[in-house]
Amino acid sequence: MAKVELSTLARSTLVAWLAEAWRIGSRFILTPIVLSQIGKEGYGVWTLVFSLSNYVSMVNASFGVAYVKATAECVRSGERERLERVLGSGMLVIGGVAVVGLLATWWLGEWVLQAINVPDRFLGEGRIALLLIMGCLVLRMSVGCALEVLAGLQRVDLTYRLYILASFVEFFVTLPLLLLGWNIVGMGIGYAVGQVACIALAWRSLRKLAPELRLSPLRWSREGVREVFSMGGRFQLLGIVTTSVMEGVKILLSVLLGVGWVAIYDLCDKLINLGKSLSSSVLAPLLPAFADLQAGAETVRERALFVQASKALALVSCGTFAFLAALGEPVLLAWTNQDVHEAAVALQMLALGEVLMLQTGVVSANLRARGMVMLELVCALVATVVVLVSVVPLARALDFDGIVIARLAGQAIGAVWYLRAYFRFANMRAGEYVAGARIVRVLAVVGIATAIVVLGHLGATQLLPRWFSPRWAAAIEVLVLAGPYAAVLLVGTLRWVVTPDERASLLAVAARKLGKLRRRGGAPTAPPPAAPPGDGG
């Protein structure tokens, strides 16, 4: 098993970011094609199909965290048989939940789609796509646990390479099917083929990496069932609450305003996911890393990792969402070639809430590694109550904007409560957290970079030639302004945000990676500089 070191975390973070970048990038290419082929209503139906399937897949998300935690702990302590019981029991029981979901979809799928206001002409295609996705969930929630086991073995980079492959296959299967007129069914087929390829290769990779580990539902036991539910059950209620809110908002939009508004909301969500991509890659290796350090009682390194990860997350989340909020309209125009002003406004309103929620990600990784979810659950409940109390009256008064405001209020209030509660639990002062993560410096650097982008955006209409089409003008504006924005962030980060020791460690890791690339190319290279003490933090 890979050791928890800066180089290991950096490798996992880089590959996780590449996976997110490709997944989102491929959807950025497909989305305009989907809109042109099936329109906003068809795109909204596809979004609702995934919203419905997420009510089953949330079970896998909840118990997947338990698989990662169990793998990291059992490998560290050498309890292979216990791990096999936990995984085998989970494959049997959680896979059974997916089978029940598939059967329910077979009998009730069309009726459910009709109940949430899906137009009649899309009912048949929507039902077939929903069945394809539910079939994939049967695989993902049984043999697909190999992906979580790889993450628990500190091979998050390998897990995300397989995610890249799945997205790659999905893209190149879906694109021709869309152009041939298969529409929503073609998108379902592309998704299914990508998932099957990913799960099959994950199983094969695990067999090579841990040949002694027997992964089979036949290894189940009553004790294993109790243990998997004692771990995964802690996360289950959290998954129910979170999924109910996130997917319930889309279903409410469909019922109140129609499926076309679901499409607009999802376009905003896709840009939000783009903003989250770098942050997700920072968070990806943290849970198994925290679990490993806690199992070894390495408290000092755990604390150092918490502070460093919080700083990295603050920089990445603020940096990405500030850029997207400042250039939301040109980004959407360049991407979709359609006037979706409402999606840009929604993005600008939700940016603050997303940054606050992302900042709780390190807290959640630390607590989940301990098997503790109560604070996270209460945070989700607080956010849910705020949304439930405010969404209907705000939607009636302000339509689409009201639903967005309700979501923002829930995120902001829930995140602030969560951070304050964790500080009390960890005996940490808010000032200590702000100083350790250098939040003020991060905000200053991001603020300067954003001011440059805003000024550039205001002057872009005067500088760009008028014979450019609106879409090309928007694309050029975004690309031109991204350069100075990234440069200011990079220089400001290296000079004012990271500490000298962190800067030296990052440069040492970069030198080692560059040396490996040169050796692969056959070029001689000087030995990399030695990393300072504390590189593993």
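Thresholds applied
- The numbering scheme is per chain: residues are counted from 1 as the chain's sequence reads.
- Only residues with pLDDT of 70 or above have their local features reported here, since the model is predicted, and side-chain atom pairs are shown and tallied only from 80 upward, although totals for entire chains, interfaces and linings are computed over all residues.
- To obtain the side-chain values, all non-hydrogen atoms of the structure were used and water was disregarded.
- The helix count covers DSSP runs of H or I at least four residues long, the strand count covers runs of E at least two residues long, and both are numbered beginning at the N terminus.
- Every helix has an expected span of 1.5 Å times one less than the residues it contains.
- One axis is fitted to the seven residues ending at the residue and one to the seven starting there. The bend at that residue is the angle between these axes.
- Exposure is judged per residue with a 1.4 Å probe applied to protein chains only, and the accessible area is read against the type maximum: over 50% gives exposed, under 20% gives buried, and values in between give partly exposed.
- Residues belong to one nonpolar core when they are buried, are Ala, Val, Leu, Ile, Met, Phe, Trp, Tyr or Cys, and are joined through side-chain atoms within 4.5 Å.
- We call two residues contacting when some pair of their heavy atoms lies within 4.5 Å.
- What qualifies as a polar contact is a pair of N or O atoms within 3.5 Å, subject to a donor-acceptor requirement within protein and to the restriction that residues adjacent in sequence count only when both atoms come from side chains.

Between its terminal C-alpha atoms helix α18 (residues 470-497) stretches 38 Å, which fits the 40 Å expected from 28 residues at 1.5 Å a residue. Helix geometry: α18 is bent most strongly at A482, by close to 25 degrees, with proline P484 lying one to four residues after it. Of the residues making up α18, those classed as buried are A473, A474, A475, E477, V478, L481, Y485, L489, G492, T493 and V497.

For soluble globular proteins, nonpolar side chains are generally found buried alongside one another. Counting residues in each nonpolar core, the largest one holds 113 residues, and the members touching the most others are V118, L206 and Y485. For this core, the element with the most residues is helix α1 (residues 6-77), which contributes 18 residues. Once residues lying within four places of it in the same chain are set aside, the contact partners of Y485 are C318, G319, A322, F323, V446, A449, T450 and V453. By size, the runner-up hydrophobic cluster in this structure holds 25 residues, among which are A369, L419, M428 and Y433.

Tracing the sequence through the fold places L398 in helix α14 (residues 374-398). The spacing of L398 and L215 is 183 residues in sequence and 52 Å in space, taken between C-alpha atoms.

Attention now goes to the side chain of T336. Inspection of the secondary structure assignment puts T336 in helix α11 (residues 328-336). Here the side chain of T336 touches L332 through a polar contact of 2.8 Å, landing on its backbone oxygen. In this view, T336 contacts P32, L35 and L267; residues no more than four positions away in its chain are not counted.

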